[in-house]
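What follows is each chain in one-letter form.
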Amino acid sequence: MFIEKLVESVQGVTAELGQAAIWLSAFSAIWAIVMLCIGLSQRKSNAVQSGRNAIIATFILITIATGALIFGFVTDDFSMMYVVEVSSAAQPLLYKITALWGAMSGSLLLWLWILTVAGAIVVWQNRKASDTFADYALIPIAIVQLFFIIVVTGLIEGVYNPLARFPDGIVMPDGRGMNPLLQTPSMAIHPPTLYIGWICLTVPFAFAVAALMSGRIGSDWILRSRRWMLFSWIILTIGITLGGHWAYQELGWGGYWAWDPVENASFMPWLLGTAYLHSVMIQEKRNMLKLWNILLITLAFQFTLLGTFITRSGIITSVHSFAQSDIGWYFLGFILASTAGVIGLIVHRWQRLKSANRLESLLSRESAFVLNNWLLVGLTLIILWGTLWPIISEAIQGEKATVPEAFFNKVVIIPGLLLLFLTGAGPIISWKKITPNNFRRMFLSPIFVGLAAAAVAWVFLAFRAHAAAKAPTEDAIPNFFTQAWKFLTFSESEKLLWLPTPIFSVLCVFASVFVLVAICSEFYRGANLRTKRQQTSFLNGLWLLIQRNKRRYGGYIIHIGIVIVYIGIMGSKGYFLLKSDNLKLGDSMEVGTYQLTVKDTFEEEHENYLRRGVVFDVEKNGQQETTMKPARHYYDQAEQAEEEQGTIESAIHAIGLNDLYIALGPLPTKINTDTYFNVQVYHNPLIKVVWIGVAVMVLGGIIAIAQKSDPNSRSQAA
Amino acid sequence: MKQRRLKIIAASVILLSGFVVLVLSMTKKESMPELSPAKLVANANSKDNQNVKVVGVISEESATWDAANTKLTFAIREPKGSATVNVVYTNLKPDNFTDGGNVFVEGKYDAAKNLVVATKLTTKCASKYEEAESATTQKSAY
């Protein structure tokens, strides 16, 4: 009783305190910018220190504001507008906390808070630095912080302050509650993961700006922000995958990626970040591409903001389209203004940005890196083109138009396969120029093994395509050669980009095996050398090899992960089976080699929803495989009686690396023996491989990030 | 040296133009106009037998759900207006499919019947979860 009273009396105070903290943080951010500018330009260390302190102060203030909002959620403070919007008294505690990013205002506050954490970490990391380089980087960080603070204050129409309370002391009896679709563990962690990944990109960008401002355009800024960049890349990789995983489990359409504008918005910064991670190596090794690296990281940073513009401005119809507001246009304004600032600085430092070296040959590691960058940036631009096509088409044709998922699949497949090939070719080609010796030693066996695997895949897929074709057409005069030709050219298969679809699988198999052999032989050669030199076991030699050069071999492990992901995508996107059917109790259907029979229905009461569904018996060749229970969840009892809708809760059963996936249509309130159940059943081959591949990529990233940027490599690069 | 640079430039130009051609031709091939019901009805003849994307709201009490054939028929209406376009969708009825809810469909338009045979149907929540990033997409087998 006493505690309840105490909470009640504190509730209003905390919200007001949080609002005050946001307003104060605007001053501390401005203070940081002004003091750092004065301190660095006039070499006053007191002012610089004051600026650093202000960055810490911003962090503390925004932490208070975020804490006040979480307090409001946990204590069900329904005098707060945002709490009412995304929470309710019945919501489980976990989802009360994750409601923080359940809608726009809170998401922006979370974004800002993570940014202030990043700022504070940069200050802390460089507390003993002998130079002022990191202090330059704090200026752009504080400017971005200031922009987000202004957005969060609620000055902009359409976005209210997440700590705002209803006017005139109104307190709502209960909140509206968060959308049930978002009340799942992967949706609880997916948005903040993506935010962390995006926001951490601000730090390498800030160091690039610091290099331009201070005039120290060596590789210093790259080395100092290397771990930030890798961290951001790892987290983005995880975040994007979690989004796909959520869609796969929750949305009931059996897929994990559909080239939706929001998915694209998360993918584009990742592509640019990946390009940057490669191109910086050229700058470190060969002192080239200085300007390009600065442009690339600027672009990657701007694309994180562009995502918000795309989703919030309402100009694109997306699955995710959030409430429309003016905020998108503020983001666009900030993107343009900050880009103009960077371009101004580039012009200012033009002389120092020239490359010391040039490409010497088309077939060299430098060229492979450059081609990799072209492809990654090209892919980004292609995806951007498709995403913004509604705007572009309206501008040039006067009619708004969109491109479907098929467009993206068609335009990314060739650059995607070239990139896959490069993940193997890049690491084994020699610097400056390929030599016949290099080619023989490094390329011949991967190519031969790749070709052999491709030939096997070709025949296997030809058999598969032939078996899948329903009515084999017979020639008037059966001719062995024409039959064989038809068979091997996949004449019965569907076409993609003027070629039969399986051809792309064959190319993918060739490239994958080529890369695996190339990378594994790199590991083998290195480990073998260590084993002999140290007279130890092979495994120990392998361990030593990775230990000594974590960056390089961590990178190779990421490449292996990429290959695994490609194989998973090839299987799950290229060869999934989908069957829709209507079944009554006791009916059966067949999907591939599986037979599914409706055995029973069920109903379960849960904390804040009702679960109803159907029990399937799954058999393979007459042998019982498992039972599956696809269901629908009804969060609102009244709604259930009225609409019989609920949300889809698919049943997923893993069979080795493949999944059997059942989505259930709406159920009537009363079920009897004549009731039809609508089901969609997918057989998704190799889908598990996608998740495994991502895990390998993350593992490689963690190994690579473990390597400190040691001063030796810095002096080498200089 | 000069020849080498020429080679590099030539390779870049070929690669670049290849991609530009690919992207433009695919855009031309796949692009489909995005229309409101009123606009589609007004330009019915020019859009006959074409793929279109129609954005509107689910017309009140227009939806019928034929469970035995997994067939959903309904009308999309102008959010603020009376023009409607009929839709038939042979697939699972998606989550959040409620009268007055936002919806967009993609499919072939039949001007004579004022009907879109939808291959993709996406719903967005109506009022209750307006702010939340909620939506579901359903696709039928192509």
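Engineer: Please explain the overall build of chain A as it appears in this structure.
Structural biologist: When helices and strands are tallied, chain A shows 22 helices and 13 strands. Taken over C-alpha atoms, the radius of gyration comes to 28 Å for chain A, in line with the 27 Å a tight globule of 718 residues would show. With the C-alpha coordinates of chain A rotated into their principal frame, the extents come out at 90 × 75 × 65 Å. The buried share among the 718 residues of chain A stands at 48%. Partitioning the contacts of chain A with sequence separation of at least 6, the portion at a separation of at least 24 is 72%.

Engineer: When you look at unusual backbone geometry in this model, what are you seeing that I'm missing?
Structural biologist: What is expected of a backbone is that most residues other than glycine have negative phi and most peptide bonds are trans. Residues and elements named next belong to chain A. Although it is not a glycine, Lys-432 sits at a positive phi angle of roughly 65°. Here Lys-432 lies in the loop between helix H14 (405-428) and helix H15 (436-468). Judged by the 14 C-beta atoms lying within 10 Å of it, Lys-432 is partly exposed. A positive phi angle is found at Asn-621, which is not glycine, with a value near 50°. Within the secondary structure layout, Asn-621 lies in the loop between strand S7 (610-620) and strand S8 (623-628). On the basis of neighbour count, Asn-621 is assigned to the exposed category, with 8 C-beta atoms found within 10 Å.

Engineer: I'm lost on helix H12 (residues 327-348) of chain A in this one. Help?
Structural biologist: Residues three or four positions apart in an α-helix share a direction because the helix packs 3.6 residues into each turn. Residues and elements named next belong to chain A. Counted at 1.5 Å a residue, the expected span for H12 with its 22 residues is 32 Å, and the 32 Å between its end C-alpha atoms agrees. Listing the buried residues of H12 in full gives Ile-327, Gly-328, Tyr-330, Phe-331, Phe-334, Ser-338 and Val-342. Take H12 and look down its axis: the buried residues cluster within an arc of 155°, on one side only. Opposite the packed face of H12, turned more than 90 degrees from it, sit the exposed residues Gly-333, Leu-336, Ala-337, Ala-340, Ile-343, Gly-344 and Val-347.

Engineer: Honestly, the domain arrangement of chain A in this entry has me stumped. Any pointers?
Structural biologist: Interface size is commonly expressed as the accessible surface area that is lost when the partners come together. Domain annotation for chain A reports domain 1 (1-178), domain 2 (184-355), domain 3 (411-548) and domain 4 (577-684). Taking only C-alpha atoms into account, the centre of domain 2 of chain A sits 32 Å from that of domain 3 of chain A.

Engineer: Got a minute to help me understand the nonpolar core in this structure?
Structural biologist: Nonpolar side chains in soluble globular proteins tend to be buried together. Counting residues in hydrophobic clusters, the biggest one holds 195 residues, and the most contacted among them are A:Leu112, A:Leu138, A:Phe148 and A:Ile199. Tallying contributions element by element places helix H9 (residues 220-250) of chain A first for this core, with 15 residues. In this structure, B:Leu35, B:Ile58, B:Phe74 and B:Val85 belong to the second largest nonpolar core, which totals 23 residues.

Engineer: Please clarify how the sheet that holds strand S11 (residues 651-655) of chain A should be interpreted in this entry.
Structural biologist: Two strands in a sheet stick together by hydrogen bonds in their backbones, pointing the same way (parallel) or opposite ways (antiparallel). Residue and element names in this part refer to chain A. Strand order in the open sheet made by the four strands is S4-S13-S12-S11, with antiparallel pairing throughout. One side of each edge strand has no neighbouring strand; the edge strands of this open sheet are strand S4 (577-583) and S11. Here the strands of the sheet are splayed against their neighbours by 15° on average, with no regard to which way each runs. Pairing of S4 with strand S13 (residues 677-684), which is carried by seven bridges, proceeds in the antiparallel orientation. Bridge pairing in S13 places Asp-581 opposite Val-679.

Engineer: Any chance you could explain the environment of A:Ala651 here in plain terms?
Structural biologist: Residue and element names in this part refer to chain A. Residue placement: Ala-651 occurs in strand S11. Put simply, Ala-651 and Glu-250 are 401 residues apart on the chain and 9.9 Å apart in space, counted from C-alpha to C-alpha. Ignoring anything within four residues of it in the chain, the contact list for Ala-651 reads Met-628, Lys-629, Pro-630 and Ile-662.

Engineer: Help me out: how do you make sense of the environment of A:Thr597 in this one?
Structural biologist: Residue and element names in this part refer to chain A. Mapped onto the elements, Thr-597 comes out in strand S6 (residues 594-605). Since 16 C-beta atoms lie within 10 Å of it, Thr-597 is described here as partly exposed. Along the primary structure Thr-597 and Leu-583 are separated by 14 residues, whereas in three dimensions their C-alpha atoms are 8.6 Å apart. Here Thr-597 is in contact with Ser-588, Phe-616 and Asp-617, once residues within four sequence places are set aside.

Engineer: How should the packing of helix H10 (residues 261-286) of chain A against helix H13 (residues 365-397) of chain A be read in this particular structure?
Structural biologist: The geometry of a pair of packed helices is captured by two quantities: the angle between their axes and the separation between those axes. Residue and element names in this part refer to chain A. Running from amino to carboxyl end, H10 crosses H13 at an angle of 160°, the nearest separation of the two axes being 9 Å. Taken together, H10 and H13 sit at an angle that is classed as roughly antiparallel. Classified by chirality, the crossing of H13 by H10 is left-handed.

Engineer: Explanation requested: the confidence of the model for chain B in the structure shown.
Structural biologist: Parts of the prediction with low pLDDT should not have their coordinates interpreted in detail. All names here are of chain B. Averaged over all residues, the pLDDT of chain B is 79; the fraction at 70 or higher stands at 86%. Highest mean pLDDT in chain B belongs to strand S5 (residues 84-89) (92); lowest belongs to strand S8 (residues 135-139) (36). A low-confidence stretch, residues 126-142 stays under pLDDT 50, and its non-local contacts, those more than four residues away or across chains, total 56 contacts. Predicted as a complex, the structure gets a pTM of 0.89 and an ipTM equal to 0.82.

Cut-offs used in this document
- Residues numbered from 1 in each chain as written.
- Chains lettered and ligands numbered in written order.
- Predicted model: local features only at pLDDT ≥ 70, side-chain atom pairs only at ≥ 80, totals over all residues.
- Helix = DSSP H or I, 4+ residues; strand = E, 2+ residues; numbered from the N terminus.
- Rg over C-alpha atoms; globule rule 2.2 N^0.38 Å.
- Buried ≥ 20, exposed ≤ 12 C-beta atoms within 10 Å, placed from the backbone.
- Contact = placed C-beta atoms within 7 Å.
- Expected span 1.5 Å × (residues − 1).
- Arc of directions from axis to C-beta.
- Domains from an automatic or database assignment.
- Core = buried A, V, L, I, M, F, W, Y, C linked by C-beta atoms within 7 Å.
- Pairing = 2+ DSSP bridges.
- Axes fitted to C-alpha atoms, helices over the stretch in contact; angles between N-to-C directions.
- Parallel < 35°, antiparallel > 145°, perpendicular 65-115°, else oblique.
- Left-handed = near helix turned anticlockwise from the far one by under 90°.
- pLDDT = per-residue confidence, 0-100.

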